[in-house]
Amino acid sequence: MSEAKMNVSTTAGSGQTTGRTLKINILRFNPQEPDSKPEMVTYKVPEAPNMTIFIALNYIRENLEPSLQFDFVCRAGICGSCGMVINGRPDLACRTLTSKFFLGEITLMPLPAFELIGDLSVNTGKFMRAVSERVGSWIHDEEEKQKDLDALEERMDPDTADEIYELDRCIECGCCISACGTMRMREQFLGARGFMSVARFHADPRDKRSDEDWYEVLGDDDGVFGCMSLMGCEDTCPKDLPHQTKIAYLRRRMVDT
Amino acid sequence: MKVVYTDSLVIGGGLAGLRVAIASKNRGLDTLVLSLIPAKRSHSAAAQGGMQGSLANSVKSKGDNEDVHFADTVKGSDWGCDQTVARMFAHCAPKAIRELAGWGVPWSRVRKGDREVVVNAERVTITEADEDHGLITSRDFGGTKKWRTCFTADGTGHTMLYAMDNKAISMGIPVHERKEAIALIHEGGRCYGAIVRDLITGDLIAYVANATTIATGGYGRLYSISTNAVISDGMGAAIALETGAAALGNMEAVQFHPTAIVPAGILTTEGCRGDGGLLLDVDEYRFMPDYEPEKKELASRDVVSRRMTEHIRKGKGVPSPYGPHLWLDIRLLGKAHIEKNLREVQEICEYFLGIDPVKDLIPVRPTQHYSMGGVKTNPTGESPTLKGLFSVGEAACWDMHGFNRLGGNSVAETVVAGMIVGEYVADHCLAHDVDIDIATVRHFLEREKGKIDELLARPDGEKPHELKAAMQQILMDKVGIFRSGEPLAEAVEELSTLLERSRNMGCRAKARSANPELEQAMRVPRMIKLALCVAKGARDRTESRGAHAREDYPDRNDRDWLSRTLATWANEDDLEPTLEYEPLDIMTMEMPPGSRGYGNAQAIEHPDTAKRNEEIDKIKASMPDADRHEIQKALMPFDLPEKYRGTNERTQIGTA
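Residues numbered from 1 in each chain as written. Chains lettered and ligands numbered in written order. Predicted model: local features only at pLDDT ≥ 70, side-chain atom pairs only at ≥ 80, totals over all residues. Heavy atoms only, no water.

Thoughts on helix α13 (residues 464-478) of chain B
Residue and element names in this part refer to chain B.
For step 1, the next point in the chain: Here α13 contains 15 residues, and its C-alpha end-to-end distance of 21 Å stays within 8% of the 21 Å for a straight helix at 1.5 Å per residue.
For step 2, the next point in the chain: Counted residue by residue, α13 has 11 buried out of 15 residues, so it is predominantly covered.
For step 3, the next point in the chain: Of all the positions in α13, only Pro464, His465, Leu467, Lys468, Met471, Gln472, Ile474, Leu475, Met476, Asp477 and Lys478 are classed as buried. (Helix = DSSP H or I, 4+ residues; strand = E, 2+ residues; numbered from the N terminus. Expected span 1.5 Å × (residues − 1). Buried < 20%, exposed > 50% of the residue type's maximum accessible area, 1.4 Å probe, protein only.)

Overview of the pattern of salt bridges
All names here are of chain B.
For step 1, the next point in the chain: Applying the stated criterion to the full structure yields 89 salt bridges over all chains.
For step 2, the next point in the chain: The partner of Arg523 in a salt bridge is Glu519, with the nearest N and O atoms 3.4 Å apart. Of this pair, Arg523 and Glu519 both sit in helix α15 (residues 516-540), 4 residues apart, roughly one helical turn. Across this residue pair, the class does not change: Arg523 and Glu519 are buried.
For step 3, the next point in the chain: One network of salt bridges, in which partners are shared, links Asp78, Glu252, Asp302, Arg306, Arg541, Glu543, Arg545, Arg556, Asp558 and Arg596. (Salt bridge = Lys/Arg side-chain N within 4 Å of Asp/Glu carboxyl O.)

As for the sheet that holds strand β22 (residues 563-568) of chain B
All names here are of chain B.
For step 1, the next point in the chain: Read across the open sheet, the 5 strands follow the order β18-β16-β11-β22-β23; overall the sheet is mixed. Where the open sheet ends on each side, the last strands, each with one partner, are β18 (396-397) and β23 (578-583).
For step 2, the next point in the chain: Of the strand pairs in this sheet, β22 and β23 are connected by 6 bridges, and their pairing is antiparallel. Within β23, the residue paired with Ala567 across the bridge is Leu579.
For step 3, the next point in the chain: On top of the sheet, α15 reaches β11 (248-249), β22 and β23; it is set at about 55° to β23, its chief contact. (Pairing = 2+ DSSP bridges. Contact = heavy atoms within 4.5 Å. Axes fitted to C-alpha atoms, helices over the stretch in contact; angles between N-to-C directions.)

What to know about the interface of chain A and chain B
How big an interface is tends to be expressed through the accessible area that disappears when the partners come together.
For step 1, the next point in the chain: Each partner contributes to the interface: chain A provides 83 residues, whereas chain B provides 97 residues.
For step 2, the next point in the chain: Together, the buried faces of chain A and chain B total about 7200 Å²; carbon and sulfur atoms form 51% of this surface.
For step 3, the next point in the chain: Summed over the shared surface of chain A and chain B, the result is 12 salt bridges.
For step 4, the next point in the chain: Across the salt bridge formed by Glu344 of chain B and Arg169 of chain A, the nearest N and O atoms sit 3.3 Å from each other.
For step 5, the next point in the chain: Counting across the chain A and chain B interface gives 44 residue pairs in polar contact (both at pLDDT 80 or more).
For step 6, the next point in the chain: In terms of residue count, the dominant contributor to the side of chain A that touches chain B is helix α1 (residues 3-12) of chain A (8 residues).
For step 7, the next point in the chain: Partitioning the side of chain A that touches chain B into residue classes produces 33 nonpolar, 23 polar and 27 charged. (Buried area = accessible area lost by both parts, 1.4 Å probe. Polar contact = N/O pair within 3.5 Å; in protein donor to acceptor, adjacent residues only side chain to side chain. Nonpolar A, V, L, I, M, F, W, Y, C, P; charged D, E, K, R; others polar.)

And the structure:
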């Protein structure tokens with residue numbers, strides 16, 4: 001078989017369908033355009049094998065509605081761009097297979113709690129940068145600046161490194177923020193993303209901040225004491241981060257501070 | 001006219017761009033970063049397996065140093081790289097890893113005592129020394145003599161990018177998100193910034209800058225199936241090409257990664273094989289040792305991808321509705337190892353394939369993965385033909401990868417080149433003034449506005465996504481893993497026709513603000529131009545080198561083709577790029593062309609190779625008491641910013 005032929009066959013599958021027609025309802029609104037009003041619009045999409053919502057939305061944009069706004073970057077579940085509300089639940093659209101909706105009807109809405117850019121696209125970037133600045137999501141160490149890059153690195157316990165990695169896996173998709181009850185009531189609430197970031201730097205021996213320093217960030221009702229423990233964050237986190245455990249841990253630390 | 005002034009403008013908020021911005025800011029310059037997306041979503045985050053740097057901490061890394069890393073990189077490049085740049089890189093990689101450790105990357109660490117690993121399908125026990133406990137550890141990767149790839153599980157790019165972006169935030173570096181650079185502002189051989197479109201409001205803004213750095217990543221999305229993020233469409237390289245002044249280097253050098261899942265094309269890291277995973281065929285037979293007895297699954301990527309394709313052509317692929325594939329088997333690594341060190345791979349398998357790699361085989365096939373080509377730069381990162389324009393990371397042809405990049409050398413390049421080039425960018429800003437007439441800026445802005453008006457006004461033009469799909473299919477079918485003259489000639493012709501058609505595109509969506517179809521329409525003709533650089537470069541290069549494999553010219557030909565392809569777009573109306581070639585001078589090489597030790601060993605020798613080898617032997621013989629640093633300096637001196645010239649310390653051996 002020639003390479004050319006082999007390559008043709010690699011895409012042959014995309015023409016296949018499962019025989020099912022999906023009904024995809026999308027909340028549409030472009031705040032940039034003065035005439036635009038929010039409305040639900042339904043699109044019919046022939047389902048293909050292994051179809052994800054990423055593929056279905058691109059189908060709609062190419063064939064039915066070229067102005068449809070949505071965000072994908074990696075389309076592999078690792079960059080966090082494509083958080084949206086899928087049949088009532090915040091999740092990553094890129095790794096959600098359409099086959100999992102056995103009725104063939106999928107309703108998509110933008111993540112609440114973020115500024116809407118248009119249709120399914122929201123401004124998580126602005127929100128997450130503000131969280132980073134508020135938490136100070138970087139290593140605080142006055143001596144770091146003088147470190148000699150030619151010299152052997154500082155040692156770290158292998159288990160500590162692994163533990164930090166576990167807490168560093170957040171992809172800032174915003175699902176936890178959208179699923180949070182407290183977030184709806186308190187505009188300034190830090191939210192699970194912020195708490196996880198605190199937990200990550202708290203666990204890091206390279207960061208020299210004390211519990212008193214952290215109290216300044218966390219120690220009020222917009223911080224860890226505001227959490228009503230509804231645990232929407234824990235339920236919807238696509239990376240299965242230990243939100244419940246870490247919020248409880250931070251709360252205890254702050255009570256003791 | 002909206003105008004923003006800055007000293008150092010960085011286009012692209014991935015690892016390379018952010019590191020340049022940090023360097024600029026550290027030198028007291030006003031700095032800002034433009035990004036299509038929030039910086040932490042950049043494609044750098046998708047790097048899984050790790051970053052190479054010769055720390056030599058783990059027992060399987062002992063004996064490693066800059067010399068070994070340099071040699072592996074040059075062999076990997078099939079002698080197509082700039083050896084000076086490869087040296088600069090190998091020297092600074094350990095420093096970059098240590099710097100990132102200070103900025104928060106939780107690098108996996110050496111654990112003293114015995115541990116079980118899988119090497120060549122056997123479980124063996126290795127013992128780490130007490131004195132190395134807690135230092136940064138590394139894993140095995142393809143085409144390397146030592147275990148050199150430092151990592152955080154299989155989310156290395158993610159932790160690196162988060163640490164880097166957090167560092168940039170701590171320094172107050174602004175990232176202007178959802179902004180796309182659509183043209184460079186230039187005059188008299190100098191670049192002065194970019195015309196930028198706000199992807200939310202649709203506004204055009206002129207960013208006027210002293211230095212402009214393109215760090216927009218690769219051009220994988222020119223192919224219909226790619227592991228790359230959907231934003232990796234080469235727009236940074238394209239706006240450089242459209243200046244007519246800047247050149248693109250080695251655009252035909254396109255890497256195919258051996259193990260992307262079928263059909264989604266999503267990457268599973270080389271770490272799978274580095275940690276002991278195997279490739280199996282339809283009979284679940286391990287075929288790689290038959291082709292590559294020494295390196296087996298861990299030859300360089302270009303070689304493994306070709307061997308896999310050869311094996312599929314023999315009818316040994318696993319049939320599927322998406323064409324034949326092979327199997328990646330990591331079951332032998334065990335549940336504990338997979339759930340700790342290959343968990344992203346496990347998640348990808350679960351969500352996209354519905355399988356668990358602890359007990360199931362993973363369907364994989366070679367898939368477009370990396371762009372060795374890009375904006376041609378000097379070792380300082382500056383375009384030799386457009387002053388004030390810098391480029392760094394995958395967007396650049398700085399040229400440490402030549403015709404094939406080693407796994408673990410791409411995220412490494414982003415942060416190392418960012419460190420080095422960042423200093424040269426700052427030097428440039430401190431030595432030059434911005435002396436541009438505002439009328440010139442207005443001219444570029446009005447020109448871009450005119451193009452947008454035309455696209456929105458045309459009632460019934462060609463559809464951008466259809467032209468894009470046609471272009472992607474041409475590269476996929478005719479400029480793939482194996483190439484030959486006739487299909488390549490067809491590709492060039494067909495792409496030229498598409499480029500002509502693209503001049504008659506129109507948009508159905510008419511909004512001037514956020515409008516995905518308009519974005520597409522603006523990108524597609526540029527993508528086709530890049531595709532033409534790839535196809536024409538491949539057609540005219542009548543040899544095989546690294547990832548560029550010609551079935552009609554299967555040998556590497558150092559005599560006629562030891563050169564870098566330079567593509568320029570001389571006139572806006574042209575339907576093809578202009579190609580020129582820059583020879584690589586063997587007489588200045590530290591390592592003259594030789595055998596890679598894997599893959600096709602055939603090469604047509606250059607007459608200088610023997611001469612230079614003789615000269616090198618003489619130089620070495622003349623300095624019997626010299627250490628390796630002194631010998632290296634005598635063979636091929638290289639320069640670096642002063643702060644990065646120091647000798648790297650290693651455990652147990654110091655600076656030897």
